[in-house]
Amino acid sequence: MSKIEHVIPIIKQKTIRTLLEKGERLDGRKPMDYRDVRIEVGVIDSAEGSALVNLGNTLVIAGVKLNIATPFPDSPTSGALIVNAELIPLASPIFEYGPPKEEDIEISRVVDRGIRSSKLIDLEKLGIITGRRAWFVYVDLYALNHDGNLLDACMLAAVSALLTTKKPKVHVEGDEIRILDEKEPMPIENTTLSTTFAKIGEYVIVDPTYEEELAMDARLTICYDKDGRIVAIQKGGSGYFTPEEIIDLGRRGLEISRKLINKLPTPLSSNEV
Amino acid sequence: MKTKIRLIDDSGKRVDGRLPDELRPLRFEVGILKNADGSAYVEQGGNKIAVAVYGPREVHPRHQARPDRALLRTKYRMATFSVKDRKSPTPGRREIEISKVIREALEPALLLEKFPRTTIDVFIEVLQADGGTRCASISAASLALADAGIPMRDLVAAVAVGKADGRIILDLNHLEDQYGEGDMPIAMMPSLNAVTLLQCDGSFTLEELEKALKLARKGISTIYEKQKEALRSRYLDITKTYKVV
Amino acid sequence: MIKVRRRYKLVLPGEVVRIGDVKTTTNVIKIGDKLIATLVGIPKMKKRGGENILDVIPLKTPYIPKEGDIVIGKIVDIGVTNWTVDINSPWKAVLPLSEVFSRPVHITKVELRDYLNIADLIVARVIAFDLTRDPLLTIRESRLGKATRGLFLELNSWKWSLLKSKEGLLKKVKDKAKCDIILGANYRLLILGKTLENELKALDMVRNILKGEVI
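> How would you sum up the overall build of chain B? Please name residues and give values.
Along its length, chain B carries four helices and ten strands. Order of helices (α) and strands (β) in chain B, N terminus to C terminus: β-β-β-β-α-β-α-β-β-α-β-β-β-α. Projected onto its principal axes, the C-alpha positions of chain B cover 60 × 45 × 35 Å. The burial tally for chain B puts 55% of its 245 residues in the buried class. Contacts in chain B between residues at least 24 apart in sequence constitute 70% of all its contacts with a sequence separation of at least 6.

> Hey, could you go over the sheet that holds strand β4 (residues 71-78) of chain B for me, with residue numbers and the actual values?
Residue and element names in this part refer to chain B. The strand order across the open sheet built from five strands is β1-β2-β3-β5-β4, with neighbouring strands paired in mixed fashion. In this open sheet, the two edge strands, each paired with only one partner strand, are β1 (26-30) and β4. The average undirected angle you get between the axes of adjacent strands in this sheet is 15°. In terms of strand pairing, β4 meets strand β5 (residues 118-128) through eight bridges, oriented parallel. Paired with Thr74 across the two strands is Val122, which belongs to β5. Relative to β4, helix α1 (residues 93-106) is tilted by about 140°, and along the sheet it contacts β4 and β5. Contacting β1, β2 (38-44), β3 (47-58), β4 and β5, helix α2 (residues 133-147) runs over the sheet at an angle of about 150° to β2.

> An account of the interface of chain A and chain B is needed here, citing residue identities and associated values.
Taken residue by residue, the interface counts 27 residues in chain A and 26 residues in chain B. Here the element with the most residues in the side of chain A that touches chain B is strand β6 (residues 133-145) of chain A; it accounts for five residues. Its residues assigned to classes, the side of chain A that touches chain B shows 13 nonpolar, ten polar and four charged.

> Lay out the packing of helix α2 (residues 102-117) of chain A against helix α3 (residues 150-163) of chain A with the relevant residues and their values.
All names here are of chain A. Taken N-terminus to C-terminus, the directions of α2 and α3 make an angle of 50°; their axes are 10 Å apart at the nearest point. As the angle between them shows, α2 and α3 are arranged oblique. The handedness of the crossing between α2 and α3 comes out as right-handed. Every residue of α3 that contacts α2 at Ile107, Val110, Val111, Gly114 and Ile115 is listed here: Leu150, Leu151, Cys154, Met155, Ala158 and Val159. Within the contact of α2 with α3, the residues separate by chemical class into ten nonpolar, one polar and no charged.

> Residues and numbers for unusual backbone geometry, please.
All names here are of chain B. With an omega of 0°, the peptide bond running from Gly55 to Pro56 counts as cis. Looking at the element boundaries, Pro56 is found in strand β3. Here His60 and Pro61 are connected by a cis peptide whose omega angle stands at 5°. For Pro61, the position within the fold is in the loop between β3 and β4.

> A description of the environment of Leu260 of chain A should follow, citing residues and the corresponding values.
All names here are of chain A. Residue position: Leu260 is located in helix α5 (residues 243-260). Note on Leu260: 19 C-beta atoms within 10 Å, which makes it partly exposed. C-alpha of Leu260 to C-alpha of Tyr34: the two residues are 226 residues apart in sequence and 8.8 Å apart in space. Dropping the residues within four chain positions of it, Leu260 is found in contact with Tyr34, Val37 and Leu193.

> Explain α3 of chain A residue by residue, including any values.
The end-to-end C-alpha distance of α3 of chain A, which contains 14 residues, comes to 20 Å, matching closely the 20 Å that a straight helix rising 1.5 Å per residue would cover. Taking burial as the measure, the 14 residues of α3 of chain A include 14 buried ones, the bulk of the element.

Reading the values: the criteria
- Residues numbered from 1 in each chain as written.
- Chains lettered and ligands numbered in written order.
- Predicted model: local features only at pLDDT ≥ 70, side-chain atom pairs only at ≥ 80, totals over all residues.
- Helix = DSSP H or I, 4+ residues; strand = E, 2+ residues; numbered from the N terminus.
- Buried ≥ 20, exposed ≤ 12 C-beta atoms within 10 Å, placed from the backbone.
- Contact = placed C-beta atoms within 7 Å.
- Pairing = 2+ DSSP bridges.
- Axes fitted to C-alpha atoms, helices over the stretch in contact; angles between N-to-C directions.
- Nonpolar A, V, L, I, M, F, W, Y, C, P; charged D, E, K, R; others polar.
- Parallel < 35°, antiparallel > 145°, perpendicular 65-115°, else oblique.
- Left-handed = near helix turned anticlockwise from the far one by under 90°.
- Expected span 1.5 Å × (residues − 1).

Right, here's the structure in full:
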């Protein structure tokens, strides 16, 4: 089947809506139930940090690679963060290899926003030689199986990988940088995760499956940091939310994120590295 | 500039402790991806590769379809974090060539005439690379195709043989690939004694080529058994209890 | 009744099923006097027209349409005089206008969309298929047509085989849940009841059958 046929049968859409009237979902969850999350870190040896995330049947992998490069001219003492998400064909018959499409780019940018706004990493601590050399942190995400809510899964994977990344220590002597064998944790200052809601008719559910996404009118993703502050928001889809709905979801998302945050790995300490 | 590394020590052991005719630890898993029609995962030494198969399905754009058989399309890609120095997400010429030779290694095994005007798409993603990725990919792709129910004459198993410190060695790892004297990836349909992939770079005499093919044959037999084990274990769960019509 | 666990011999592609001169289906190829499996499956001797034919029953296989098959299809495109239907096979099927109405219909007077729209599900019969062209469908017979309600489930070939072999259990589900269950040849299931409750009850029972539990 190709992309064209990935329309959900009309009767299934009807069923989803009818079930929601009774507060039920196809997979037996209640509207505000989040699926099981399983996170495994350190799965890729060639990466400095990595994480494999199972969100229900959605499977996503993140790899962190560190590189020393020239800092951007407007931030000479800072390192840089580059997030790149790829929805590859392994995950679904609707994906193709090729230059990033808008879905790939949206996920990349929202994950980046969550990490950056929460100041999860203190990029200032990643500068090496002012104006000349700094650590560039690449977070690359690959979808491996798509059953909805790739955004939350990618966020969990990216954050988990960063929290457990082993950064090489460097020794600077004047103009020379020596990369040592010794490792240290990343400068972690915060944590973040996202909760994504889907609006189907007048009902809102959290953590939609693929079929629920096909049936939804609009989507709202809210990212929180470890203190429960909202650090990023993204509305998606061609429907709408009322301001009251948004505030309500902000509250629900906070509740859900407090529980979800326990699934994240604890940041590495210097003796664990 | 190649620095001289001693790849085989005085006791005949390689850098990872193996003997010249030893395979790296190898593990296959079939049916790991739920949305694909067929899928498989392989770990061979430090290689970690996932393969998805879709099809047979319709060809887009339609004019590319063949009236007499299915197309086989293969895409081999490496994740940016699969190698020590982050790789650009854009596929390079290496990946494009490898995609082609993998396709040509698998094609002779498939009975494509059964599905005219369709395509069978094989997607390979290397999550971690450690030498011999195209060979591991072929072995895993063969399993993914079997998992998808694509009819075939035989499974295809592959391994890279090479030369290090004058000795012919089996299943090159990354170091041996980079610093050795030759690299020869070989794929076969073992039951039919048919070689479907053969490449070479380095320097081999005719005798060495013969030795290499023999050694590859040995390694491929072992890989073939492991492939079959993985397929059996996947399907035994299904057939164990129920009568299948 | 004691349930007996039976282990069947599994063959893999490239493996010799048998040696000898026996007729085979296309799932088995002949190389010399060796009969070789081309799929993962269970070898079985079938009788066709008095002859013994060796087949391998694949555990996983794409759905290949056969004339006469009842299938559950999803409309994916609308043409000028036909609909394109996804029937879960490598080829998309065609449902011509002439196979929808029992009387001849004037094309310009008909807005195809009004009858069958994208994402509608139909229960149809395959009236023609060969490898040179796309499968042809009809919904003109009774018991065929557009599904206006119901629960739709996509199975795979082995789950479908399992349900097919449990006709008795399926009848039990139909009676208990008061639903009609249409098991399409294309590994798709449609549960039709008067209410969603009935349909969900039937779905639950079907899921239990698949898990091997008592219903």
